[in-house]
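Topology and contacts: notes
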Amino acid sequence: TLAISMFVEEPNTKLALRFIAVVITTAQPGYFLEELAIARHRFTLRAREAVLEASVNLTGCLLLAAPFGIFGVGISSVTASILGLLILWRGTGFRFTLVKDWIRTKLLVKEGLPFALSEGGFEMLRRLDILVMALVLGPVIVGYYGISLLIMDFSLMFARGAVAQVLSPHLLRKFGETGSFSEVAIYYEVPARLFSYTLPVLLGLGACLLHPIIPLILPQYENGVPAAQITMWSLAFVAVHSSISSFLVAAKRIPSVLRIFFGLLPVAALGQWVVLSSGMGLEGAAWVTFCTLGVAACGELALAQRQVGRSGAQILMYLTSLVLPLVIAIGCFDLARTAAAGMAPPGVWMRAVFHAGLFAGFYSPVLLAYEYHFSMLRMVREAQ
């Protein structure tokens, strides 16, 4: 990145690339120390580092961006990145050495490359809409789609930080103790079940509130709000992917995951091209991404269920029970929007609140029925 900046003439871009180069360099040992802290169940250390780094970055940007422009933003990012690294380095007490261990390096590459490729495949699946959109409709339309990108990126960071990094060490430790896939299946089955009927209501309420919030804080992106509302539903599949990846690593099913992801890529790309070429716009692209991530997440769940000995019929019933609340929530959202259009009082905020209230009322029977049957929320309260 630093080398590329040498060939850039525009001053702000050159400066930004050089700041990014520093952040990337400090991030590499930082990522390692994050994983080390999580593997040692040092969740408090990881949380303290994340909060302090984010706080410094945000405060620095607010104070320095206006007077110093891109230089102020860069200084904030670099300072926050270095601070996070130092907190983790001191907290873990790890000592970096330059001893060459080619045998262990080859083993780590052999074990880690398939997982890295699978994560890269999932990243490609969720970003195909942008690639095809840029080719078919141009950069301006991609800009309007930026709200969807922001929502997706934030959700992925949250899912990895709050879900994957917590579940993974517990699952892998338990599997190391027992060697039983059936005993560790709870580490993905419980989150998947909890997400299946609790996330839709949260996502629906969030989608309702996008309409007044985005025009207020980012008015130039208002055209992207309908697509962003669709993108909200895709976050359920992102959460499932984050919760199940460790189980698939333990089960050595990453090659199968790779076949699913890379088999989906050309189909999803074709779907995006057809939708965008047909004039279905941002909303069409968002629906294709929703379906693509849904197939990917269900494929991962099917692999995990097969690993613990479930039959085809059992897997189908399991997947149906997980996806059904999300499908019903989408229907409730559209029904509430139609009802709110004719009944809501004037004003964007009032219509959004009225829409959210109707949606919550329509969806509540599903939430209550699933909670009565599975008691996931009660289990979470008792665990606290």
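A brief look at the structure comes next. (Residues numbered from 1 in each chain as written. Predicted model: local features only at pLDDT ≥ 70, side-chain atom pairs only at ≥ 80, totals over all residues. Heavy atoms only, no water.)

Scanning the protein for helices and strands turns up 15 helices and 0 strands. In terms of C-alpha radius of gyration, the protein reaches 23 Å, essentially the compact-globule figure of 21 Å for 384 residues. Dimensions of the protein, computed from the C-alpha atoms along their principal axes, are close to 65 × 60 × 45 Å. Taken over 384 residues, the protein has a buried fraction of 42%. In the protein, the share of contacts with a sequence separation of at least 24, taken over all contacts with a separation of at least 6, comes to 77%. A total of about 20500 Å² of accessible surface is found on the protein, and carbon and sulfur atoms cover 70% of it. With 27 positive and 21 negative side-chain charges, the protein shows a spacing of 8 Å between the two charge centroids. (Helix = DSSP H or I, 4+ residues; strand = E, 2+ residues; numbered from the N terminus. Rg over C-alpha atoms; globule rule 2.2 N^0.38 Å. Buried < 20%, exposed > 50% of the residue type's maximum accessible area, 1.4 Å probe, protein only. Contact = heavy atoms within 4.5 Å. Areas by Shrake-Rupley, 256 points an atom, 1.4 Å probe, with all protein chains shown as cover. Lys, Arg positive; Asp, Glu negative; His and termini not counted. Charge placed at Lys NZ, Arg CZ, Asp CG, Glu CD.)

In this section: unusual backbone geometry. You will see that Lys 252, though not glycine, has its phi angle at about 55°, which is positive. By the secondary structure assignment, Lys 252 is in the loop between helix 10 (225-250) and helix 11 (254-277). You can call Lys 252 exposed: its relative accessible area is 64%. We note that Ser 375 has phi near 55°; this positive angle belongs to a residue other than glycine. In this structure Ser 375 comes out as buried when scored by relative accessible area, which is 17%.

We now examine empty space enclosed by the protein. All chains considered together, the criterion is met by 3 cavities of 30 Å³ or more. Space inside the largest cavity adds up to approximately 140 Å³. Along its surface, the largest cavity is lined by 13 residues, and Ser 196, Ala 236, Phe 237, Val 240 and Leu 322 are the ones closest to its centre. Broken down by secondary-structure element, the contributors of at least two residues to the lining of the largest cavity are helix 9 (186-217), helix 10, helix 12 (281-307) and helix 13 (312-343). The biggest single contributor to the lining of the largest cavity is helix 9, with 4 residues. Here the lining of the largest cavity is composed, by residue class, of 12 nonpolar, 1 polar and no charged. Roughly 50 Å³ of volume is contained in the second largest cavity. What lines the second largest cavity is simply Arg 126, Asp 129, Tyr 145, Ser 148, Leu 149, Met 152, Thr 231, Ala 286 and Thr 289. Those elements that place two or more of their residues in the lining of the second largest cavity are helix 5 (102-136), helix 7 (146-178) and helix 12. With 3 residues, the single largest contributor to the lining of the second largest cavity is helix 7. Here the residues of the lining of the second largest cavity sort into 4 nonpolar, 3 polar and 2 charged. (1 Å grid on protein atoms, 1.4 Å probe; cavity = no way out; pocket = protein on both sides within 12 Å on 5 of 7 lines; lining within 4 Å. Points joined across faces, edges and corners; volume = space filled by probe spheres on them. Nonpolar A, V, L, I, M, F, W, Y, C, P; charged D, E, K, R; others polar.)

Attention now moves to the pattern of salt bridges. Tallying each qualifying case throughout the model produces 7 salt bridges. Here Arg 46 makes a salt bridge to Glu 49, at a shortest N to O gap of 2.6 Å. Remark: Glu 49 and Arg 46 occur in helix 3 (residues 43-68); sequence separation between them is 3 residues, near one turn of the helix. For the residue pair Arg 46 and Glu 49, the accessibility class agrees, reading buried in each case. In this structure, Asp 101 and Arg 104 form a salt bridge, with 3.7 Å as the shortest nitrogen-oxygen distance. (Salt bridge = Lys/Arg side-chain N within 4 Å of Asp/Glu carboxyl O.)

With that out of the way, let us pick up the nonpolar core. The biggest cluster of nonpolar side chains holds 69 residues, and the ones touching the most others in it are Tyr 188, Trp 233, Phe 247, Leu 248, Leu 301, Phe 359 and Tyr 363. Put simply, the parts of the chain that give this core at least two residues each are helix 5, helix 7, helix 9, helix 10, helix 11, helix 12, helix 13 and helix 14 (348-374). Broken down by element, the residue count for this core peaks at 14 residues, all from helix 10. Not counting chain neighbours up to four residues away, the residues in contact with Leu 248 comprise Arg 253, Ile 254, Val 257, Glu 300, Leu 303 and Ala 304. One finds Val 132, Met 133, Ile 230 and Leu 276 within the second-largest nonpolar core, a separate group that totals 11 residues. (Core = buried A, V, L, I, M, F, W, Y, C linked by side-chain atoms within 4.5 Å.)

Attention now moves to the packing of helix 5 against helix 12. Think of two packed helices as two axes; the pair is described by the angle between the axes and how far apart they sit. Taken N-terminus to C-terminus, the directions of helix 5 and helix 12 make an angle of 165°; their axes are 10 Å apart at the nearest point. As the angle between them shows, helix 5 and helix 12 are arranged roughly antiparallel. In the packing of helix 5 onto helix 12, the handedness of the crossing is right-handed. Judged by residue contacts, Phe 122, Leu 125, Arg 126, Asp 129 and Met 133 of helix 5 engage Leu 282, Ala 285, Thr 289, Thr 292, Leu 293 and Ala 296 from helix 12. In terms of residue class, the contact of helix 5 with helix 12 is made up of 7 nonpolar, 2 polar and 2 charged. (Axes fitted to C-alpha atoms, helices over the stretch in contact; angles between N-to-C directions. Parallel < 35°, antiparallel > 145°, perpendicular 65-115°, else oblique. Left-handed = near helix turned anticlockwise from the far one by under 90°.)

The next point concerns helix 13. With 32 residues, helix 13 should cover 46 Å at 1.5 Å per step; its first-to-last C-alpha distance of 46 Å lies within 8% of that length. Along helix 13, the helix axis deviates most sharply at Val 323, where the bend reaches about 30°; the proline Pro 325 sits within four residues downstream. (Expected span 1.5 Å × (residues − 1). Bend = angle between axes of the 7 residues up to and from the residue.)

Limitation: the analysis is restricted to geometry and does not speak to function.
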